[in-house]
Amino acid sequence: MMKEIKLMDIKGVKVGQYENQEAATGCSVVIVENGATAGVDVRGGGPATRETDLLNPINMVQQIHAVMLSGGSAFGLDAASGVMQYLEEHGVGFDMSVARVPIVCGASLFDLSVGNSHVRPDKEMGYKACQDSENDLIKEGNYGAGCGASVGKLLGFEHAMKGGIGTYGVQVGNVQVAGIVAVNACGNVIDYKTQEILAGVNIDKKCVSASQIILDQMDQLRKLPDGNTTIGCIVTNVKLTKAQCTKIAGISHNGYAKSIDPVHTMSDGDTIFVLSTNEVDGMVDAVGILAVEVISKCIQRAIKKAKSGYGLLAYQDLKK
């Protein structure tokens, strides 16, 4: 029997967010103070990431302590420094004799075209997101890394819609899989069951196919608009190796592919991290199946919880 859970229901996992609503940017952090085996898969053509090479199964470090998802494009990677400070102050990290070194991976999305481009997630904002993790609460929509997120930008921002951040989790028996995704796609967001366009390129409050727009203009060799990227993190309590986490990260991108059209474009930096707290035994392929469902639901929730703002129409107001 499958039941819905929160990310924080997985033992040892904390989630925090902080945002500047006026400037339309923010960050979201997933913390596992006792360490988690981790993997990553980067499919988009324009990523902004931190410590992803470390997650290659051939490399030495076996566990990490946090994943930072942020706005601000490459500038936003600085938010991870605040996570480093917070974790060091709390005695979290690998004991290297002279210091404890926490391992913080991260990815950033491009939201500089929304709000104030001169305000980006920084060390202070990352630290405050960690402090927020002590409240055991996740807000969805225009919060954290999803604060300034947008989707469907192929015809310019006057036809784009509001993106956001969403979270969802499931438990089957003792197996838990939960995730968080900040949706800032170049393309449209689709209900993967009904194929309805939930948000994206809209003309007079009617969404049109983003892929068809590209195909209609393909002889123009037009560059896709910059300012995209969907980033997320899956956490499971199932025992996984680094190689298995990496494989699950790749499988999880099927959730992106089911829910975003087009996906993994050259102007997206689509990235998914996978963390294992190594608590219970479970089938790796079962975790992959659940992870795809979780990612898809996170994307839906991000769009459906978002509110109109910054000149961008949200799903909630599309049919009003």
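Structure first, text after, so check above.
Below is a short write-up of the structure. Note that the structure is a prediction, hence the values are computed from the model and not measured.

What counts and how
Residues numbered from 1 in each chain as written. Predicted model: local features only at pLDDT ≥ 70, side-chain atom pairs only at ≥ 80, totals over all residues. Heavy atoms only, no water. Patch = residues over 30% accessible without salt bridge, like charges linked within 9 Å, V, L, I, M, F, W, Y side chains within 5 Å. Areas by Shrake-Rupley, 256 points an atom, 1.4 Å probe, with all protein chains shown as cover. Salt bridge = Lys/Arg side-chain N within 4 Å of Asp/Glu carboxyl O. Helix = DSSP H or I, 4+ residues; strand = E, 2+ residues; numbered from the N terminus. Buried < 20%, exposed > 50% of the residue type's maximum accessible area, 1.4 Å probe, protein only. Contact = heavy atoms within 4.5 Å. Axes fitted to C-alpha atoms, helices over the stretch in contact; angles between N-to-C directions. Parallel < 35°, antiparallel > 145°, perpendicular 65-115°, else oblique. Left-handed = near helix turned anticlockwise from the far one by under 90°. Nonpolar A, V, L, I, M, F, W, Y, C, P; charged D, E, K, R; others polar. Polar contact = N/O pair within 3.5 Å; in protein donor to acceptor, adjacent residues only side chain to side chain.

1. Remarks on a nonpolar patch on the surface
So, step 1. Together, Phe94, Met96, Val98 and Val101 make up an exposed nonpolar region whose accessible area comes to about 380 Å².
So, step 2. Take Met96: it is sitting in the loop between strand 6 (94-95) and strand 7 (100-101).
So, step 3. Overall, the relative accessible area of 51% leaves Met96 in the exposed class.

2. What to know about the environment of Asp136
So, step 1. Positionally, Asp136 belongs in the loop between helix 2 (123-132) and strand 9 (150-151).
So, step 2. Expressed as a C-alpha distance, the spacing of Asp136 and Gly16, which sit 120 residues apart in the sequence, is 7.9 Å.
So, step 3. Dropping the residues within four chain positions of it, Asp136 is found in contact with Lys6 and Met8.

3. Quick word on the packing of helix 1 (residues 79-89) against helix 2
Two numbers describe a pair of packed helices, the interaxial angle and the distance between the axes.
So, step 1. One can describe the packing of helix 1 onto helix 2 by two numbers: an axis separation of 6 Å at closest approach and a directional angle of 50°. By the criterion of interaxial angle, the relationship of helix 1 to helix 2 is oblique. Remark: the crossing between helix 1 and helix 2 carries right-handed chirality. Residues Ala79, Ser81, Gly82, Val83, Gln85, Tyr86 and Glu89 of helix 1 lie in contact with helix 2, whose contacting residues are Lys123, Gly126, Tyr127, Cys130 and Gln131.
So, step 2. Along the lines of polarity and charge, the residues of the contact of helix 1 with helix 2 split into five nonpolar, five polar and two charged.

4. A short note on the environment of Asn116
So, step 1. One can find Asn116 in the loop between strand 8 (104-108) and helix 2.
So, step 2. In terms of polar contacts, Asn116 uses its side chain to reach the backbone amide nitrogen of His118, at 2.9 Å.

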